[in-house]
Every structure is written in structure tokens, then in C-alpha cells.
Amino acid sequence: MKFFLKKLSKKIDFEKVIEEFERITKDAENVQKETLRKILEENASTEYLQSLGLNGRTDPESFKACVPLVTYKDLELHIQRIVDGDVSPILTRKPIRVISLSSGTSQGNRKCIPWNDELFKTTVQIYQTSFAFRNRDFPIQDGKDLSFIYGNNAPPKKGGVILGTATSNVLGNPGYKNAMQALKSPSCSPDDVIFSPDFQQSLYCHILCGLLFREEVQSISSTFAHSIIYAFRTFEKDWEELVNDIKKGVLSSRITVPSIRIAMSKLLKPNPELANLIHKKCKGLRNWYGLIPELFPNVKYIQAIMTGAMEPYLKKLRHYAGEVPLLTSEYGSSEGWIGSNVNPKVAPEFATYVVLPQVAYFEFIPLIQLDGTRLELEPVGLTDVKIGEEYEIVLTNPAGLYRYRLGDVVKVMGFHNSTPEIKYMRRSGLLLTITTDKHSEIDLQLSVENASKFLAEEKIEVIDYTSYIDLSTEPGHYVIFWEISGETSDEVLCECCNCLDKSFIDPAYIFYRNCKGIEALELRVVGKGTFQKILESQVERGVPVSQFKTPRCVGSTNTTMLQILLKNVVKRYVSTAFN
């Protein structure tokens, strides 16, 4: 690891990074075999692999014959021993000292995912690959990145195991700052702002740092698009206070964390000229359209994960961005990275990710429909997938996950050399189902988009949304929660409710709605700021805002989130679409 950290501090030749990417993707099958061999050879003596009778074999055939497909539930007891401080070789030969906590936003339960130095190395590899292609199309030079990133590792538990998030574990690694310097993407914000114990204070200072370095900002980034939207919605509320801080050179009294105040005092000096400029630009905007290029005249692009659950935020992000390009970045999860976007000029809605064969060993479960029933076939290898088919990803990584079902469904859109280019489609589990009806996250998104057209005519937008399966009555029904940006008539919202209901076109749903086997869909409008309350509730329980994703369906076990939604309902409408 020391050699790797030393290597990070050197200047990177990005053309060589692309050349290496091309070499690896041309030989994907052999690279996959070598990746698996290294993982299994390193961890041959572990309790888990020994118990399965692998006996040191490292070939794909023996691996698949001995090791079963698993979910988190299958590994939970093993992982809990690690969390409790057991340093014996349970899943990996070397002790796991760091755990990544998933967000757990849907069901309220956070998964504990083993993390180690090998995963940091794959993180750097995928960052470098994505940046090399991004910088070829959108070159930046000696600028800064306005990074809405937040690190908040919890203190070590019994046995010295650190519980954090995947984001925090990356940010806290000694090599992270060197990696960002080498990628020409140093953050505007000092470490004390990034690792603040208070998210709201950190966010305020991120924005302030960006304004102080406005001429130098060449990119804006976060893990998810939602975080960038949230940041600029915050700017809309706080911009006059921020301008006042710049004018007087004195940090707002709302910032109470001593380490942040000390760090910001080194940056903040009285600058009436800059304050007046920002004030003038904000006053000259119409409904905040094009806010980002007005504030940051040299910004080349805005980068975050913008696919999947983030797609509903693209419209608002484009409103802030004006003509500034939106670039979706890497594709991964708390369990590990999967692919890079090597065609950054493609709009996020159509983006694909090239699977990097050296970052993990991948298998793909074919998902096919036969007479309306979804069938799962035996997994196939990385190079054996077929264009146009959908698959669930199975991952084996260097941190102790073997044949782990990730739960993500992707579609193969093509190949880059011999490795597939995939498009994220949805989570494998059905989002909404009461009887035999089946609705995915995409189905809900399309339904909301269709219904929101009635609002667009009045220049109102859906700020955020989620759903809930209400089984408190017999039969059950779907509840859609909306937070909207303004007031409109009951008549319009009734139309929206009916449209939501009619937009679910699954044949089973239509059948059961017509025969009253599923009750009428409900639209419940929640008060302004409800989804911010949900975010804040998650931050309080340790989920960093950069990792937060609004769940598109709130599970019955997530009582905290459900209570916030129910408590803030201001209007209710029941569909008459099938009357």
C-alpha cells in the first residue's frame, strides 16, 4: 500500500491510462480469470472458503461449483463477527478493520459492507479511467472542483473496527488527496469542512468556498445529482447571508464548529467587490435559471451519478446548469465499483458504463420473461453476455464478498472491445406489487413524469416523490407522495392523481383495478420541506447527504421516514380513473 500511495503523488499521464484501459478491455476474459485468481489465492485460508471445500483452487469452474450465490442476509452473521471485532480470517486473510455502511433508506436497515485497501485501489483505478476520458472531451487545467462531499466516520467500535460509509472511507484514506491532486481536481473546501460533524454547516461552507474561488472553479461534483440540487436549493435560501459573509469577511454565526471557523478564517477576508458582483448576478437571474454559470464563469461541467434513481433530478439540475454539460460519472455501490463512463458527451439519460474487468470478478444472471413470469438462468461470465439482454450483476470483490448478488439489473447495450457496455435499469426487486401486478422504479418514474405535465402548465414542478403500499385496508392500494413547488387547484391535482393511476399499464394491475382487487390509488401532497426533513432524519442517523437517495418506495419497516411523510400530508386525492 505504501508503494501505491507514493505512486499516487506522481503526475499521471492520462493517455497512458486510456492505453491501459484499451489493453485490459481487449483481453477481458483473461483479466477476469487473473482477477479471480488473485482474490482466491489471497483468501484461500479463510473460514468461509474453506467451509465450502474450494481447497485452494482458483479457476472459475471450481469457484462456481463450490461457492453459492449469496445475498447480504446469507453473509450477515459472518460480517457481524467482523463488526464485533473478530480478527480471525473469516472472509479475508487479512483482518477487516473498516466497514462501509449502506444508506438503508428504503427499509431503514443499514448493511455493513467489508472495506479494505484493495477496494481503495480499485476506486482510484476507476476514478482515473473516468477522468482520463472526461478530461479528453472537457479538459480542465489547474482549476478547482466545487465538491459537495461529506465525510463522517463513526468512532471505532469493539476491536477497533471503523464504521463509516463508502464515501467516508474513500475520503479518509491517506491517498485520496494525492489522487485528487493528480486528477487536477483539488476541492475548494479545506478538510475541516469536508469532515465536519454538522452537515448543514459543512454545506454552507462548501458553497462559500466555491464563491470565494469562483474564477478557479472548473468543475462541480458530488456522489449523486440529488446532492447538487440540494446545495443550490440551499443557496437560493441563504445567498444574501453568504454575500454578507464575503462583504464583511466574517463567517456567519450559524457556523459554530470551532475547527470549521478556524479553517474558514484563513480563507475569508473582506471583499465588497466580489460580494457586490454576486449580489448583482443573483438579482439578474430569472427563477434562478443558469445560476451555476453565472456564479462560476469557468465551470466546464457538472459531474455526479445521474442515472437510475437520480434521473428525476436532471430537469432541475439542467435548470440551474443552463448550457453547462451534465456528466454522469462512475457506476458502483457500497459493495464495489463496476464501470466507467468513457463517453461523457452522451446525455446522462443515455449513458452507458464500460465494466472494468480488473476491479472485481463479475457474473451476470440472465433475466427473461416467459408467459409473464420472470425466470432466472444460470449466471454467465463477463464476456458471454448478449447485447439487448437484461441481467442481474453478481460480484466477487477483494474484501470478502464472493458471488454476491448486487441486486442491480442492467441491460447490455454493446461492447467496448471485449467487455460489455451496460446501462443501469433498476433494482432487481419489484418496487410496487400487491397481487400479481408488477411495477419497477422506472414504471413509477414514468407515471410521475406523465402526471406532472398537468403541473408544468402552471409552472409548478414535483420537487420529490416516493410511494408506499398501503395494506391497512382490504384490498390494498398504492399511495404516491408528492412535494410540489407551488399551490394549484384541487381540480389539477385530481387530474394528476387519475393520470398516476392510469399510467401504470401492467396488465395485472389494470385487471385488478377494474375488478376492485386493488383499491384506488391515492395521491398525498406533503408540505414544503418534507423531503428535506427526511434527508435530515437520515443525516442524524449517520447517512451522509452525499450518499442519500430518496427511496422510491418506503418499506413498512422504515417507520421514521413513513411517520415524517404521514405527518406532513396537506392534501389527499383518490383516483377515479377506474370508476
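Small disclaimer: the values here were computed from a predicted structure and weren't measured.

Re the packing of helix α12 (residues 225-248) against helix α14 (residues 272-283)
Consideration 1: Packing of α12 against α14 leaves a shortest axis separation of 7 Å and a crossing angle of 160°. It follows that α12 is roughly antiparallel to α14 by the angle criterion. Of the two elements, α12 crosses α14, and the hand of that crossing is left-handed. Between α12 and α14, the residues in contact are F235, W239, V243, I246 and K247 and P272, L274, A275, I278, H279, C282 and K283, respectively.

Brief notes about the packing of aromatic side chains
Consideration 1: What the rule picks out here adds up to 18 aromatic pairs.
Consideration 2: Between Y127 and W337 the ring centres are 5.9 Å apart and the planes differ by 65°, which places this aromatic pair in the edge-to-face class. Placement of Y127 in helix α7 (residues 117-137) and of W337 in strand β9 (residues 336-340) is noted, with a sequence separation of 210 residues between them.
Consideration 3: By relative accessible area, W337 is classed as buried at 17%.
Consideration 4: Relative to Y301, the ring of F138 lies with its centre 6.0 Å away and its plane at 65°, an arrangement referred to as edge-to-face. Of this pair, F138 sits in the loop between α7 and β3 (144-148) while Y301 is found in strand β6 (residues 301-305), placing the two residues 163 residues apart along the sequence. For the pair shown, F138 and Y301 are each scored as buried.
Consideration 5: In textbook terms, an aromatic cluster arises when at least three aromatic residues are bridged by ring pairs, as seen for F148, F232 and Y320.
Consideration 6: Above the face of the F213 ring, K144 is positioned so that its terminal group lies 5.0 Å from the ring centre.

Comments concerning the pairing of strand β19 (residues 522-526)
Consideration 1: Here β19 lies mainly inside the structure; five of its five residues are buried.
Consideration 2: Of the two faces of β19, both are covered, the one formed by E522, R524 and V526 as well as the one formed by L523 and V525.
Consideration 3: Bridge count for β19 against strand β20 (residues 569-574) is five bridges, and the pairing is antiparallel. The residue of β20 that forms the bridge with L523 is Y573.

Points about the pairing of strand β18 (residues 477-484)
Taken residue by residue, a regular strand's side chains alternate between the two faces of the sheet.
Consideration 1: Most of β18 sits inside the fold, with eight of its eight residues counted as buried.
Consideration 2: Residues of β18 alternate between two faces, with H477, V479, F481 and E483 on one and Y478, I480, W482 and I484 on the opposite face, all of them buried.
Consideration 3: Strand direction decides the pairing type here: strand β17 (residues 462-470) and β18, joined by eight bridges, are antiparallel. Residue pairing in the sheet places S467 in a bridge with I480 of β18.
Consideration 4: In sequence, β17 turns back onto β18 through a hairpin of six residues.
Consideration 5: Here four bridges tie β18 to β19, and the two strands are oriented parallel to one another. Bridging across to β19, F481 finds its partner in R524.

Definitions and cut-offs
Residue numbering note: each chain is counted from 1, following its sequence as written. pLDDT decides what is reported in this predicted model: residues at 70 or higher carry local features, side-chain atom pairs at 80 or more are listed and counted, and totals for whole chains, interfaces and linings draw on all residues regardless. To obtain the side-chain values, all non-hydrogen atoms of the structure were included, while hydrogens and water were left out. Axis lines are fitted through C-alpha atoms, for helices just across the contact stretch, and the angle between N-to-C directions can take any value from 0 to 180 degrees. Note on conventions: DSSP H or I runs of at least 4 residues are helices, E runs of at least 2 residues are strands, and numbering of each starts at the N terminus. Here the word oblique covers every angle except those under 35 degrees (roughly parallel), over 145 (roughly antiparallel) and from 65 to 115 (roughly perpendicular). Helix crossings are classified by the rotation of the near helix relative to the far one: an anticlockwise turn of less than a right angle makes the crossing left-handed, while a clockwise turn makes it right-handed. The contact definition used throughout considers only heavy atoms, calling two residues in contact when any of these lie within 4.5 Å. Between rings of Phe, Tyr and Trp, where Trp is taken as its six-membered ring, a pair exists when centres lie within 6.5 Å; planes separated by under 30 degrees are stacked, by over 60 edge-to-face, and by other angles tilted. Only protein chains enter the accessibility calculation, which uses a 1.4 Å probe. A residue is then buried if its area is under 20% of the maximum for its type, exposed if over 50%, and partly exposed in between. Whether a charge sits over a ring comes down to the Lys NZ or Arg CZ being within 6 Å of the ring centre and within 35 degrees of the ring normal. DSSP calls a pair of strands paired once it identifies at least 2 bridges connecting them.

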